[in-house]
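Here is what each chain is made of, one letter per residue.
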Amino acid sequence: MASLVAGLVLIGTGPASAHSQIIDVDPADHTVVKDLNAVKLTLDEQPAPRTTSIAVVDSSDSSIALGAPTINGTTVTQKIAPESPAGTYTIGWRITSSDGHPVTGTSTFAIANDDGGTSRIPTGLDPQATIKGADSDTVLGAGAALLISVLLLAAVFILAITRRRRYPQDADHGGSSES
């Protein structure tokens, strides 16, 4: 029985199955745009609505996102402030896929200057700093899964010891016969 439970625990902690993936970001990473009113992320499957978070910030970490993101099928749209000034912006996202796993990432774009010139997109930004307000409490982390597995294994071990004490293998269950 212990082998069966150990096997089930190992199966549960094996390689992860395929999770949602971002298949398109609009505007695309490292592009220069003009007259932008929203950013859009397209996934390969529909995300969980209540755990979707998108941040759009400028180089000074000021947000230009307006309201909460909206989900239409596999597309997540985040409106941004109209006529945002020229400059470099970073999109940071944390989206929970339908299987409960988080999908995180970043993308950087620039908005063109009013005079028709473009902003150069600097390298070395820390885009992880832009992901704000993501609700990490809704996702079962690897540490919690490991803890549950250890507790389950301990419960099986205690059950096996209790049964062994209650029904020892060498005890005489049916009376003794002497020769």
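Residues numbered from 1 in each chain as written. Predicted model: local features only at pLDDT ≥ 70, side-chain atom pairs only at ≥ 80, totals over all residues. Heavy atoms only, no water.

Asks: Teacher, can you tell me more about the side chain of Thr-52 here?
Replies: Within the secondary structure, Thr-52 sits in the loop between β3 (38-43) and β4 (53-58). Thr-52 sits in the buried class, given a relative accessible area of 12%. In this structure the side chain of Thr-52 is engaged in a polar contact, spanning 2.9 Å, whose partner is the backbone oxygen of Ala-48. With near-sequence residues (within four places) excluded, Thr-52 lies in contact with Pro-47, Pro-69, Ile-71, Val-76, Arg-94 and Ile-95. (Helix = DSSP H or I, 4+ residues; strand = E, 2+ residues; numbered from the N terminus. Buried < 20%, exposed > 50% of the residue type's maximum accessible area, 1.4 Å probe, protein only. Polar contact = N/O pair within 3.5 Å; in protein donor to acceptor, adjacent residues only side chain to side chain. Contact = heavy atoms within 4.5 Å.)

Asks: Even after reading the chapter, I still don't get the sheet that holds strand β1 (residues 22-26), so can you show me in this structure?
Replies: Backbone hydrogen bonds hold the strands of a sheet together, and the pairing may be parallel or antiparallel. Spatial ordering of the open sheet is given by β1-β3-β6-β5, a layout of four strands whose pairing is antiparallel. Every interior strand has two partners, whereas the edge strands, β1 and β5 (70-72), have only one. Strand-to-strand twist of the sheet, defined as the mean angle between neighbouring strand axes without regard to direction, takes the value 20°. In terms of strand pairing, β1 meets β3 through four bridges, oriented antiparallel. Of the residues in β3, the one forming a bridge with Asp-24 is Thr-42. (Pairing = 2+ DSSP bridges. Axes fitted to C-alpha atoms, helices over the stretch in contact; angles between N-to-C directions.)

Asks: What exactly am I supposed to notice about the environment of Thr-108 here?
Replies: Summarising the element assignment, Thr-108 is placed in strand β8 (residues 102-111). On the basis of relative accessible area, Thr-108 is assigned to the buried category, the value being 9%. Spatially, the C-alpha atom of Thr-108 lies 5.7 Å from that of Tyr-89, the residues being 19 residues apart in sequence.

Asks: What exactly am I supposed to notice about the packing of aromatic side chains here?
Replies: Both the distance between ring centres and the angle between the ring planes are used here to describe each pair of aromatic rings. This structure, assessed with the given rule, holds one aromatic pair. On the numbers, 5.7 Å between centres and 20° between planes, the contact of Tyr-89 with Phe-109 is stacked. Taken as a pair, Tyr-89 in strand β7 (residues 87-96) and Phe-109 in strand β8 lie far apart in primary sequence, 20 residues in all. For Tyr-89, a relative accessible area of 2% corresponds to the buried category. Classification of Phe-109 as buried rests on a relative accessible area of 0%. (Phe/Tyr/Trp six-rings, centres within 6.5 Å; stacked < 30°, edge-to-face > 60°.)

Asks: It is not clear to me how the confidence of the model for the chain should be interpreted in this structure. Could you clarify?
Replies: One rule of thumb: low pLDDT means the predicted coordinates there are not for detailed reading. On average, the chain scores 73 in pLDDT, and the residues at 70 or more come to 62%. Note that pLDDT drops below 50 for residues 4-10; the model gives that stretch four contacts with residues more than four away or on any other chain. The low-confidence segment residues 122-145 (pLDDT under 50) makes 36 contacts with residues lying over four places distant or belonging to another chain. (pLDDT = per-residue confidence, 0-100.)

Asks: Even after reading the chapter, I still don't get the pairing of β3, so can you show me in this structure?
Replies: Remark: a regular strand shows side chains that alternate across the two faces of the sheet. β3 sits mainly inside the fold: five of its six residues count as buried. In the sheet, β3 pairs with strand β6 (residues 75-79) via five bridges, with the strands oriented antiparallel. Bridge pairing links Val-39 to Gln-78 in β6.

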